[in-house]
Amino acid sequence: MLDALLPRLHGFEILAQTQRGERQAFLRVPKAQLFSLLVLLKQGHGFVTLTTIACADWIEDEVFGLTYLLETAGRDRVLGVQTHIGREGEDLETCMPLWPQAEIFERELHEMFGISIVGHPSLGDFMLEGWTHTPPMRREFDTLKFVQENYPMREGREDNQDVREAIRKLKESKKASKAQPAGGESS
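Since the model is a prediction, treat every value here as computed from it, not as a measurement.

What counts as what
Counting from 1, residues in each chain are numbered in the order their sequence is written. For this predicted model, a pLDDT threshold of at least 70 governs which residues receive local features, and a threshold of 80 or more governs which side-chain atom pairs are given and counted, while totals over whole chains, interfaces and linings are taken from all residues. Neither water nor hydrogens contribute to the side-chain values; these are computed over all heavy atoms in the structure. Under the scheme used here, helices are H or I runs from DSSP no shorter than 4 residues and strands are E runs no shorter than 2 residues, and both carry numbers assigned from the N terminus. The length a helix should cover is 1.5 Å for every residue beyond the first. To sort residues, take the accessible area from a 1.4 Å probe on protein chains only and compare it with the maximum for the residue type: under 20% means buried, over 50% means exposed, and anything in between is partly exposed. Any two residues whose heavy atoms approach within 4.5 Å at even a single point are treated as in contact. A pair of sulfur atoms, both from cysteines and within 2.5 Å, is called a disulfide here. Counting of polar contacts relies on pairs of N or O atoms within 3.5 Å, with two restrictions inside protein: one atom must be capable of donating a hydrogen and the other of accepting it, and residues adjacent in sequence are counted only when both atoms are side-chain atoms. By definition, two strands form a pair when at least two bridges between them are found by DSSP. Axis lines are fitted through C-alpha atoms, for helices just across the contact stretch, and the angle between N-to-C directions can take any value from 0 to 180 degrees. Here, a salt bridge means any Lys or Arg side-chain nitrogen found within 4 Å of an Asp or Glu carboxyl oxygen.

Asker: Just give me the short version of helix 3 (residues 102–113), but keep the residues and values in it.
Answerer: Given a rise of 1.5 Å per residue, 12 residues ought to cover 16 Å, and the 16 Å separating the end C-alpha atoms of helix 3 matches this to within 8%. The complete set of buried residues in helix 3 reads A102, F105, E106, R107, L109, E111, M112 and F113. Its buried side turned inward, helix 3 meets strand 3 (49–58), strand 4 (63–71), strand 6 (91–93) and strand 7 (116–118). At the exit of helix 3 stands G114, carrying a positive phi of roughly 80°.

The structure is reproduced here in structure tokens:
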């Protein structure tokens, strides 16, 4: 798919490309070229459906990795268009003029990661009504600390244990019982 598509993307700086099978590929472009490329892909190359906008928080690199997943009308080709934006203070242009369904995806990016979307008409509360804390999908958000500070322990849960520790102990117990000879006790 990329062999046929890439020669037709003159003027775009392709930072990375990956072909996954015959019908799926990924391209990464600079943020400044993202919207123009999305327009060209929809209007000139048949990628008429925006399936989702995914976000990965690469806190170590101080960027969000965004992937716009596009499909053709016949569902015969899938293209992920990726870009990176800074984690602090960088915004994105809305792609709602191309795909109205982007409204929900962009609202989620705003609420869950704190990404500002320029041109979006309704970035108010979406799922987290009245939320004033760090956006919960950012990696610096401490879920355990948030729960401990905002919710009381349920009565009857005083013996609550770390689930990972309980699973580790259960696995060790099963492993030890399998290691014993079939006759019962070891000598």
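Asker: A description of the state of the cysteines should follow, citing residues and the corresponding values.
Answerer: Inspection of every chain in the model, using the stated rule, returns 0 disulfides. Left without a disulfide partner, C55 is nearest to the cysteine sulfur of C95, which lies 14 Å away.

Asker: Tell me about the side chain of T83, and please be specific about residues and values.
Answerer: Of note, T83 is situated in strand 5 (residues 78–86). Of the residues examined, T83 reaches a relative accessible area of 0% and is grouped as buried. A distance of 3.0 Å separates a polar atom in the side chain of T83 from the backbone nitrogen of K31. Other than its neighbours up to four places away in sequence, T83 contacts R28, V29, P30, K31, L34, F64, G65 and L66.

Asker: Let's hear about the sheet that holds strand 4: which residues, and what values?
Answerer: Spatial ordering of the open sheet is given by 1-2-5-4-3, a layout of 5 strands whose pairing is mixed. In the strand order of this sheet, the two ends are held by strand 1 (16–20) and strand 3, each with one partner. Strand after strand, the sheet turns through a mean of 15° between neighbouring axes, direction not considered. Direction of pairing for strand 3 relative to strand 4: antiparallel, over a ladder of 9 bridges. Of the residues in strand 4, the one forming a bridge with T52 is L69. Across the sheet, helix 2 (residues 31–45) touches strand 4 and strand 5, and the angle it forms with strand 5 is around 160°.

Asker: Please provide a residue-by-residue account of the pattern of salt bridges, values included.
Answerer: Scanning all chains against the criterion turns up 10 salt bridges. Of the charged contacts, one joins E140 and R138 as a salt bridge, the two residues approaching to 2.9 Å between their closest N and O atoms. When salt bridges with common partners are traced through the structure, they connect D57, R87, E88, R138 and E140 into a single cluster.

Asker: Any chance you could break down unusual backbone geometry for me, citing the residues and the numbers?
Answerer: Unusually for a residue other than glycine, E62 sits at a positive phi of about 60°. Following the sequence through the fold, E62 ends up in the loop between strand 3 and strand 4. The exposed category is assigned to E62, whose relative accessible area is 58%. Look at R75: it is not a glycine, yet its phi comes out positive at around 60°. Relative to the assigned elements, R75 resides in the loop between strand 4 and strand 5.

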